[in-house]
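Chain by chain, the residues run as shown.
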Amino acid sequence: MEQTTSHKKLDYLIIGQGLVGTWLSYYALKAGKTCMVVNDSHTTSASQVASGVINPVTGRRIVQTWMIDTFLPFALKAYSDLGALLNTTIVREAPVVLIHPSLQMQESFEYRYEHENVYLQKNTASDFEAFMHTPFGTGQIDQTIWIDLNLMITGWRAQLIQHQQYIDTKFDIADLQITNEGVTWKGIQANRIIFSDGLGSMQNPYFKMLPFAPNKGEALIVEIKDLPNQTIYKHNLSIVPWKDQLFWVGSNYEWEYADAAPSSAFRTKMEDALRQLLKIPFKVVDHIVGIRPANQERRPFVGLHPSYPSIGICNGMGTKGCSLAPFFAHQLIEYCETGSPIHPEASLERFEKNLKKKT
Ligand SMILES: Cc1cc2nc3c(=O)[nH]c(=O)nc-3n(C[C@H](O)[C@H](O)[C@H](O)COP(=O)(O)OP(=O)(O)OC[C@H]3O[C@@H](n4cnc5c(N)ncnc54)[C@H](O)[C@@H]3O)c2cc1C
C-alpha cells in the first residue's frame, strides 16, 4: 500500500483521522490511490473515547440494529485485515453478558429469545454470581465485536506518518481553493477533498446545513481487578474491557449540554450503579468525554456535494461509528473510483436541494 505523495497531484485530501478518516485513507490506499490525511490531534474526537463495541441488537426490545447482517461480517473482516496490516490484533469477538436490571428486561429477553432471535443465547447466572448481583437472571448476546480503537487509530497514524501521508494541523476552510481540476490547500493539489472531521463539518459552509444533532457521551475508566476481561457486561450501564484490568464504564446520551466537560452527576450515577451491581472492589482512574457526530435521521451522510463534486463527506455516524465507518468509507471510495452506488439511506443525494442552496 506504499504511496509516494510528494510533488504530485493527490487523489484524495482527507480531513480528520478518527474512525472515518482512518477507513477512508485505508480504502483509498487499498484502491491504489494517493492521499494525504490532515488531522488535528489536539481536537477531541469521539473515536478516542468510544468503547469500540459493535452490538447487533439494541434497545429495551432487544431488536436487531439497521442492516447489521451486512455490517457485522463486513466490519469483522475489515478490522481483521487492518489489524494484520498493522501486525497486531485490533478486533475480537466478545459476547455481551446481559445482567437483567429488571423483571421487564428479563421478560423482554425471554420474548426475543423465542421470537426472531439470531443473536441471543442463554447462559447461567451462577457463572457470574461470584462478582455480580444477578437477581433477575442473565442472558447473552453473541457475535458482538470489540475493537481496540486507540490501538487502531494510533497504529494507522504511525503508518501514514511513515509514508508522509499525514499532516498534524487544524484545517481551516479559508485555506481551501476549488479549481476546475479539483482542490488546492496550502500548495497541495488533490482531485478530491473528503471531510471526515466529525463535529468540524458542522461549521463547514458546504455541509453545515445537514441535520447534525451532536450528542455528548461520558465514560469512566475503572480498575476492577477481579473481573474476567474477555467479556462485555451490560446492565443499566455497559462494562467493556479497555486494557488489562481496566474497564470502560458508561455511557449517557445528552442531546442538550452546556459544555464538553466531565460531569459530576454522571460520575456519581455510574459509581452508584457499579456499587449496586458489583460484589468486588473497583477504583475509578479516569473520566472521559466525547461528542458523537450524530444526526436527526440516524443515518450517515455519505457522498459528494451536488454542486462541487470535488468536495465530499463521510460523517454523521452517531452511536454506531464502529460498524458504519468501514462500510461507508468503502462505499464512498468505490463511488468516487467506479461510480458504484451509495446506499440510498446514507447517500448525500437525499439532501440535494438543501445542499444546492449553498452559494
Ligand atoms: C462515550 C462514547 C462511546 C461510544 N461508543 C461507541 C461504541 O461502542 N461503538 C460505536 O460504534 N460507536 C461508539 N461511539 C460513537 C463513535 O465514537 C462515533 O460514531 C465515531 O467515533 C465517529 O467517528 P468520526 O471519525 O466521524 O469522528 P471523530 O472520531 O470525532 O473524528 C474526527 C477527527 O477529525 C479531527 N478534526 C476535527 N476538526 C478538524 C480540523 N478542523 N482540522 C483537522 N482535524 C480535525 C478530530 O481531531 C478527529 O480526529 C461512542 C461515542 C462516545 C462519545
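Residues numbered from 1 in each chain as written. Predicted model: local features only at pLDDT ≥ 70, side-chain atom pairs only at ≥ 80, totals over all residues. Heavy atoms only, no water.

Draft legend 1. Main features of the pairing of strand S15 (residues 215–223). Most of S15 is tucked away: 8 of the 9 residues are buried. Direction of pairing for S15 relative to strand S19 (residues 283–292): antiparallel, over a ladder of 9 bridges. Considered in S19, the bridge of Ile 221 is made with Asp 286. In this sheet, strand S18 (residues 246–250) lies alongside S15 in antiparallel orientation, the contact comprising 5 bridges. Looking at the pairing, Ile 221 lines up with Trp 248 of S18. (Buried < 20%, exposed > 50% of the residue type's maximum accessible area, 1.4 Å probe, protein only. Helix = DSSP H or I, 4+ residues; strand = E, 2+ residues; numbered from the N terminus. Pairing = 2+ DSSP bridges.)

Draft legend 2. Looking closely at the site of the ligand. In the vicinity of the ligand there are 35 residues, among which Asn 39, Ser 47, Ser 51, Phe 171 and Gly 318 approach most closely. Between Thr 43 and the ligand, the recorded distance is 3.2 Å, taken from a backbone N or O atom to an oxygen atom. The contact in question runs from an oxygen atom of the ligand to an N or O atom on the side chain of Ser 51, over 2.6 Å. Protein contact buries 94% of the 1,000 Å² of open area that the ligand shows by itself. When residues of the shell around the ligand are assigned to their parent elements, the largest contribution, 3 residues, is made by helix H2 (residues 46–49). Here the shell around the ligand is composed, by residue class, of 12 nonpolar, 18 polar and 5 charged. Both domain 1 (10–48 + 150–212 + 297–356) and domain 2 (94–144 + 213–292) contribute no fewer than three residues apiece to the shell around the ligand. (Near = heavy atom within 4 Å. Polar contact = N/O pair within 3.5 Å; in protein donor to acceptor, adjacent residues only side chain to side chain. Areas by Shrake-Rupley, 256 points an atom, 1.4 Å probe, with all protein chains shown as cover. Nonpolar A, V, L, I, M, F, W, Y, C, P; charged D, E, K, R; others polar. Domains from an automatic or database assignment.)

Draft legend 3. Layout of helix H1 (residues 19–30). The first and last C-alpha atoms of H1 sit 16 Å apart over 12 residues, in line with the 16 Å expected at 1.5 Å per residue. With 11 of 12 residues buried, H1 is to be regarded as a mostly interior element. Within the sequence span of H1, burial applies to Leu 19, Val 20, Gly 21, Thr 22, Trp 23, Leu 24, Ser 25, Tyr 26, Tyr 27, Ala 28 and Leu 29. Of the residues one or two after H1, Gly 32 is the one with positive phi, at around 80 degrees. (Expected span 1.5 Å × (residues − 1).)

Draft legend 4. Summary view of the sheet that holds strand S10 (residues 145–147). Strand order in the open sheet formed by 3 strands is S3-S10-S6, with antiparallel pairing between adjacent strands. A single partner strand is all that each edge strand has here, and the edge strands are strand S3 (53–54) and strand S6 (91–93). With 2 bridges connecting them, S3 and S10 associate as antiparallel partners. Of the residues in S10, the one forming a bridge with Ile 54 is Ile 145.

In short, the description is geometric, and any link to function would need to be established separately.
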